Amino acid sequence: MLPAAIALVATLILAACGQDAGGGAAQVEQTELRYQGSVGAVTPVELAADLGYLGPIKLKWIGNTISGPQDIQSTATGDVDFGSAFNGAIIKLIAAGSPIKSVVGSYGIDDKVFGGFYVLDGSPITSPRDLFGKKVGMNTLGAHYEAVLDEYLKRGGLSQDEIKKVIPTVVPPVNTEQSLREKQIDVAVFSGILRDKALARGGIHPLFSDYELFGPFSAGSYVLREDFIKKNPTTTRQFVEGVGKAVEWSRTTPLDQVIARFKDIIAKRDRKEDVTAIQYFKGYGIAGKGGLIADADFTRWTDWLKVNGQLKKDVTLAELFTNEFNPFRANS
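As the structure is a prediction and not an experimental result, all values here were calculated from the model.

Student: Would you mind showing me how to read the pattern of salt bridges here?
Tutor: Applying the stated criterion across every chain yields a total of 23 salt bridges. Between Arg155 and Glu151 there is a salt bridge, with the nearest N and O atoms lying 2.7 Å from each other. In this pair, Arg155 and Glu151 are both assigned in helix H5 (residues 144-155), 4 residues apart and thus about one turn of the helix distant. In this structure, the salt-bridge partner of Glu177 is Arg181, at a minimum N-O distance of 2.8 Å. With Glu177 and Arg181 both in helix H7 (residues 173-181), this residue pair falls 4 residues apart, about one helical turn.

Laid out in structure tokens, this is it:
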């Protein structure tokens with residue numbers, strides 16, 4: 001058994017006896033966690049719950065979101081107990097004074113799981129400079145895809161003033177393909193099933209992708225409030241360990257079995273969702289074993305935020321994330 005797991009078991013035994021590690025009365029920790037989900041998808045924490053990896057933790061779904069920044073803002077304000085977002089958005093929120101911290105990876109990019117920027121066949125857009133005055137449709141602003149777009153433009157030799165001539169535009173993912181085909185936007189960001197289905201229908205081709213720019217990396221993390229972590233260290237450890245184990249289960253289990261499990265989870269929660277997206281699942285793309293967070297998962301975005309004037313103050317890596325509660329760090 002991993003040392004971290006032994007420590008967790010000991011802590012749980014003491015808590016069951018009404019004592020903490022120092023022999024005093026144990027504080028009852030929060031075990032019901034409110035969260036926002038994603039329509040037609042199974043997130044790592046939802047998978048962890050279904051696999052029984054969260055122990056006594058119970059998840060309480062309060063709705064869905066398509067915006068990472070909104071999700072972590074809701075965490076910061078206490079409307080939910082945890083959230084997930086692009087690491088750049090997390091940096092920005094923490095620098096602005098929000099008392100949250102990343103504890104485990106939530107999504108990433110690899111050769112199978114990536115976000116691509118697509119144009120219509122016959123489009124005159126073939127390079128960064130062709131994007132002046134053009135609308136680029138994405139799910140939300142100030143997050144992953146806007147950062148990737150800016151990096152593409154920067155590598156194309158555009159100045160900051162020139163980059164401002166490109167128009168990132170919010171479009172709900174389910175409407176993105178139609179918006180592109182009807183020429184309401186000039187470039188569309190697609191990932192997962194929406195990319196696969198759009199490509200199958202033909203008439204579009206890629207301009208570039210986040211994977212082409214950066215290679216494989218963990219792009220987003222789950223965050224908890226600092227006060228939650230302090231008051232609920234055992235719950236925090238169980239949460240992080242459960243998510244990490246679920247990530248590894250999804251890596252090592254045959255894909256058809258993973259997809260079958262996802263379909264079962266969606267059917268059981270009975271939210272009247274379309275399950276067709278699940279058959280296109282290819283993985284979570286999380287780079288770190290068990291969701292471990294690497295320094296580069298955050299440092300690659302700090303320059304982007306500074307250049308764009310979005311970083312209120314410098315922040316240290318210790319302020320941004322911790323692997324303290326992740327048992328997989330012992331084997332990293």
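Student: Mind showing me how you'd approach the pairing of strand E10 (residues 217-225) here?
Tutor: Along a regular strand, successive side chains alternate from one face of the sheet to the other. Extensive coverage of E10 is indicated by the burial of 9 of its 9 residues. By the bridge criterion, 4 bridges tie strand E3 (residues 83-86) to E10 in an arrangement that is antiparallel. Note on E10: the bridge partner recorded for Ser84 is Tyr222. Relative to E10, strand E4 (residues 100-109) runs antiparallel, the two sharing 8 bridges. Bridged to Val104 within E10 is Tyr222.

Student: What is the right way to look at the packing of H7 against helix H8 (residues 192-201) in this model?
Tutor: Between two packed helices, what matters for the description is the angle formed by their axes and the separation of those axes. Where H7 contacts H8, the axes come no closer than 10 Å and their chain directions differ by 25°. By the angle between their directions, the pair H7 and H8 is classed as roughly parallel. In the crossing of H7 with H8, the sense of the turn from one axis to the other is right-handed. Along the contact surface, H7 presents Pro173, Val174, Glu177 and Arg181, while H8 presents Leu194, Ala198 and Arg201. When the residues that make up the contact of H7 with H8 are grouped by side-chain class, the tally is 4 nonpolar, no polar and 3 charged.

Student: What's the story with the sheet that holds E10 in this structure? I'm lost.
Tutor: Adjacent strands of a sheet form backbone hydrogen bonds with each other and so pair up, either parallel or antiparallel. Here 3 strands make up an open sheet; going across it, the order is E3-E10-E4 and the pairing antiparallel. One side of each edge strand has no neighbouring strand; the edge strands of this open sheet are E3 and E4. The average undirected angle you get between the axes of adjacent strands in this sheet is 35°. Where helix H4 (residues 87-95) meets the sheet, it contacts E3, E4 and E10, and its direction lies at approximately 105° from that of E3.

Student: Would you mind showing me how to read the packing of aromatic side chains here?
Tutor: Within a pair of aromatic rings, the relevant descriptors are the distance that separates the centres and the angle that separates the planes. All told, the structure shown has 17 aromatic pairs when counted by the stated rule. When the centroid spacing of 5.8 Å and the interplanar angle of 50° are considered together, the rings of Tyr118 and Phe190 count as tilted. Separated by 72 residues along the polypeptide, Tyr118 in strand E5 (residues 115-120) and Phe190 in strand E8 (residues 187-191) bring together distant segments of the chain. Relative accessible area serves as the criterion here: at 1%, Phe190 is assigned to the buried category. On the basis of an interplanar angle of 70° and a centroid distance of 5.5 Å, the ring pair of Phe214 and Phe217 is categorised as edge-to-face.

Procedures and definitions
- Residues numbered from 1 in each chain as written.
- Predicted model: local features only at pLDDT ≥ 70, side-chain atom pairs only at ≥ 80, totals over all residues.
- Heavy atoms only, no water.
- Salt bridge = Lys/Arg side-chain N within 4 Å of Asp/Glu carboxyl O.
- Helix = DSSP H or I, 4+ residues; strand = E, 2+ residues; numbered from the N terminus.
- Buried < 20%, exposed > 50% of the residue type's maximum accessible area, 1.4 Å probe, protein only.
- Pairing = 2+ DSSP bridges.
- Axes fitted to C-alpha atoms, helices over the stretch in contact; angles between N-to-C directions.
- Parallel < 35°, antiparallel > 145°, perpendicular 65-115°, else oblique.
- Left-handed = near helix turned anticlockwise from the far one by under 90°.
- Contact = heavy atoms within 4.5 Å.
- Nonpolar A, V, L, I, M, F, W, Y, C, P; charged D, E, K, R; others polar.
- Phe/Tyr/Trp six-rings, centres within 6.5 Å; stacked < 30°, edge-to-face > 60°.

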